[in-house]
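Residues per chain are reported as follows:
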Amino acid sequence: MKLEIVHTPVLLKETLEYLSPEGENYGKNVLMIDSTLGEGGHSFAFLSKFPELHITGLDADKNIQARARERLAPFGSRMNFFNGWFNDFYENYDMDGERPSLILFDLGISVYHYEKSGRGFSFRYDEPLDMRLNASEGESAADIVNEWNESQLANMIYLYSDEKMSRRIARAIVEARKGGKIASSKALADIIWNAVPANYRYGQIHPATRTFQALRIAVNSELKRLPKALHCAFNVLKDGGKMGVITFHSLEDRIVKNYFRNLGKQCVCPPEQAVCVCGGSPCAEILTRKPVEPSVEEVKVNSPSRSAKLRVVRKLRDAGEMHLNAIEGEAM
């Protein structure tokens, strides 16, 4: 039985172009790390186009990684897998081993999770309210919805989704759970639907969309993991190598943009510091002065791509702790 591919990789043509092996790396056994493997769409395209390329694919979700293993099996030993969080992988990387020339982060959630995982990522289905990418660790969405206080819920919803009805929604959640645990995605969506004004229910998106996004980000610590992961990944990268990050959320993109911008600066020492201690030269060449966004044609055929932004840098030298410190406060 042929594997059904659910997710379409975004900005695929642009990613292949910006992260293509080049220079002294071209024609050798180049190592690439796909930090967010998903169903393996980007890796499949890279392995198909660049026959000398080897890839290590990372994913916290063992179920979706099993799908990627099946899809990428024809590439044999050119494809390897790591089941775990990308921040753990890069923080514990064996620097005496082979270093990658290319690193890709696609920070979007696979359509598979919404359509096939059964973990409550989508309110289109009546599923257990979980949302964990690694279902064996951490708080589930149900834990947060049923245990956090009203102020915590309201702040989380607003910070991670800009939901202007966050306080109203948080109040409704706390009131509803007095009648019993909120256990399913449909139950939560109905609570949100009934909590907002009638004219808010019929906008461009379902009124639960932003709250579900905020919950997913909170459950998987997506923003908290990102700064350290970017920093460690950049230092794992070979000098001259390239790193690209695809974001879908303004907070993610701000973290990536500011980190890359700092990598491109000659000095990142505080203005009040009399003597430069950061190295006094750029750590990276920024290859995308403005983020690369999907074409009108791509958005038409793959609507989840509409908010995608790709940023790419080329490494010149390792980054220091000052580069990380400058963005850690943005992760909340």
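What you see is a predicted model; the values in this text were computed from it and never measured. (Residues numbered from 1 in each chain as written. Predicted model: local features only at pLDDT ≥ 70, side-chain atom pairs only at ≥ 80, totals over all residues. Heavy atoms only, no water.)

Right, let's get into the pairing of strand 2 (residues 53-59). The buried count for strand 2 comes to six of seven residues, which makes it a mostly enclosed element. Sheet analysis places strand 1 (residues 30-34) next to strand 2, joined by five bridges and oriented parallel. Note that in strand 2 the partner of Leu-31 across the bridge is His-54. Considered for its hand, the β-α-β crossover made up of strand 1, helix 2 (residues 41-49) and strand 2 is right-handed. Sheet topology note: the strand 2/strand 3 (residues 79-83) ladder contains five bridges and is parallel. What sits directly across from Thr-56, in strand 3, is Asn-80. Handedness of the crossover joining strand 2 and strand 3 through helix 3 (residues 62-72): right-handed. (Buried < 20%, exposed > 50% of the residue type's maximum accessible area, 1.4 Å probe, protein only. Helix = DSSP H or I, 4+ residues; strand = E, 2+ residues; numbered from the N terminus. Pairing = 2+ DSSP bridges. Right-handed = clockwise from strand over helix to strand, strands pointing away.)

Relative to the helices and strands, Ser-122 resides in the loop between helix 5 (111-115) and helix 6 (141-147). Looking at Ser-122, its side chain comes within polar contact range of the main-chain nitrogen of Arg-124, at 3.0 Å. (Polar contact = N/O pair within 3.5 Å; in protein donor to acceptor, adjacent residues only side chain to side chain.)

For the rest of this paragraph, the subject is the packing of helix 7 (residues 150-161) against helix 8 (residues 166-176). Contact geometry for helix 7 and helix 8: axes closest at 8 Å, N-to-C directions at 140°. Comparing their axes, helix 8 and helix 7 come out oblique. The way helix 7 lies across helix 8 gives a crossing that is right-handed. Where helix 7 approaches helix 8, its residues Glu-150, Leu-153, Ala-154, Asn-155, Ile-157 and Tyr-158 are matched on the opposing element by Ser-166, Arg-167, Ile-169, Ala-170, Arg-171, Ile-173 and Val-174. (Axes fitted to C-alpha atoms, helices over the stretch in contact; angles between N-to-C directions. Parallel < 35°, antiparallel > 145°, perpendicular 65-115°, else oblique. Left-handed = near helix turned anticlockwise from the far one by under 90°. Contact = heavy atoms within 4.5 Å.)

In this section: the packing of helix 11 (residues 222-236) against helix 12 (residues 250-263). The contact between helix 11 and helix 12 brings their axes to 10 Å, and the two run at 25°. Regarding the angle of helix 11 to helix 12, the classification is roughly parallel. Between helix 11 and helix 12 lies a crossing whose hand is right-handed. Along the contact surface, helix 11 presents Glu-222, Leu-223, Leu-226, Pro-227, Leu-230, His-231 and Phe-234, while helix 12 presents Leu-251, Glu-252, Ile-255, Val-256, Tyr-259 and Leu-263. When the residues that make up the contact of helix 11 with helix 12 are grouped by side-chain class, the tally is ten nonpolar, one polar and two charged. (Nonpolar A, V, L, I, M, F, W, Y, C, P; charged D, E, K, R; others polar.)

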